[in-house]
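# Structural overview for review
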Amino acid sequence: MSTPTTPAPEPTPHSVGTTIRLTIGDTTIDGELWDNPAGRDLVARLPLTLTFSDYNAVEKTARLQSAQTMNGMPAGDDPNPGEIGWYAPSSDLVLYYGDVGHWDGIARLGTFDARGITLLADGPADVAVSITLSDR
């Protein structure tokens, strides 16, 4: 007789996490990476500087060399503008500045200051973004 298994609890994306700073062009804004498996995985990789490219006029994406964990994460999600995500199928870190809807393979990792939404939406198609741990 097999022992029943209990499904892993769904992560709470809004748990208090790690404060970060994102430098977009010449502007530095505050952000947070949530305390979930994929968020902790990204914290372990910081600092990062990546070139993000516009995708569908709602998000900026940058490919990471190795995949983020999806263990313990929902199969998909619906991120909001001002959130940081991971799109597992293409191995992209994503900064959302518009509404993309629900997609399988998305993991929500955290948020960034609302000023970043305007910077990303109104800025160039390709932009260098540095993500570091905050000193506060």
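Preceding this section is the structure that the text describes.
First, a word on scope: everything that follows refers to the structure included in this document. (Residues numbered from 1 in each chain as written. Predicted model: local features only at pLDDT ≥ 70, side-chain atom pairs only at ≥ 80, totals over all residues. Heavy atoms only, no water.)

## Comments concerning unusual backbone geometry
The step from Leu46 to Pro47 runs through a cis peptide bond, and the omega angle for that step is 5 degrees. Checked against the element boundaries, Pro47 lands in the loop between α1 (37–43) and β3 (48–55). The phi torsion at Ala57 lies on the positive side, around 55 degrees, for a residue other than glycine. When you line up the elements, Ala57 lands in the loop between β3 and β4 (59–63). The backbone phi angle of Ser91 is positive, close to 60 degrees, even though this residue is not glycine. With respect to the secondary-structure elements, Ser91 resides in the loop between β6 (83–87) and β7 (92–96). The class for Ser91 is buried, based on a relative accessible area of 14%. (Helix = DSSP H or I, 4+ residues; strand = E, 2+ residues; numbered from the N terminus. Buried < 20%, exposed > 50% of the residue type's maximum accessible area, 1.4 Å probe, protein only.)

## Comments concerning the layout of surface pockets
Within this model, the largest pocket holds a volume of roughly 260 Å³. Looking at the largest pocket, it is lined by 13 residues, and the ones nearest its centre are Tyr55, Asn56, Glu59, Tyr87 and Trp103. Among the elements of the structure, β4 and β7 are those that each provide at least two residues to the lining of the largest pocket. With 3 residues, β7 is the largest single contributor of residues to the lining of the largest pocket. (1 Å grid on protein atoms, 1.4 Å probe; cavity = no way out; pocket = protein on both sides within 12 Å on 5 of 7 lines; lining within 4 Å. Points joined across faces, edges and corners; volume = space filled by probe spheres on them.)

## Some points on the environment of Phe112
Within the element layout of this structure, Phe112 appears in strand β9 (residues 106–112). Judged by its relative accessible area of 6%, Phe112 is buried. Phe112 sits 29 residues away from Glu83 along the chain, and the two C-alpha atoms are 6.0 Å apart. What Phe112 contacts, discounting residues up to four positions off in sequence, is Leu22, Ile29, Asp30, Gly31, Gly82, Glu83, Ile84, Leu95, Tyr96, Ile117 and Leu120. (Contact = heavy atoms within 4.5 Å.)

## Concerning the pairing of strand β10 (residues 126–133)
When strand β1 (residues 18–24) meets β10, the two strands line up antiparallel, connected through 5 bridges. Note that in β10 the partner of Leu22 across the bridge is Ile131. Where β3 lies against β10, 6 bridges are found, and the strand directions are antiparallel. Directly across from Leu48, in β10, lies its bridge partner Ile131. (Pairing = 2+ DSSP bridges.)

## Here's the deal with the environment of Arg115
By the element assignment, Arg115 lies in helix α2 (residues 115–122). Along the sequence, Arg115 and Thr28 sit 87 residues apart, while their C-alpha atoms lie 9.6 Å from each other. The contacts of Arg115, once residues within four sequence positions are left out, are Thr27, Thr28 and Ile29.

## A look at the side chain of Lys60
Turning to its location among the elements, Lys60 is positioned in strand β4. Engagement of the side chain of Lys60 in a polar contact is seen with the side chain of Asp54, the distance being 3.4 Å. Polar side-chain contacts of Lys60 include one of 2.7 Å to the backbone oxygen of Pro124. With residues up to four places along the chain from it excluded, the contact list for Lys60 reads Phe52, Ser53, Asp54, Leu93, Val94, Leu95, Tyr97, Leu120, Gly123, Pro124 and Ala125. (Polar contact = N/O pair within 3.5 Å; in protein donor to acceptor, adjacent residues only side chain to side chain.)

Such coordinate-based values are descriptive only and should not be taken to indicate function.
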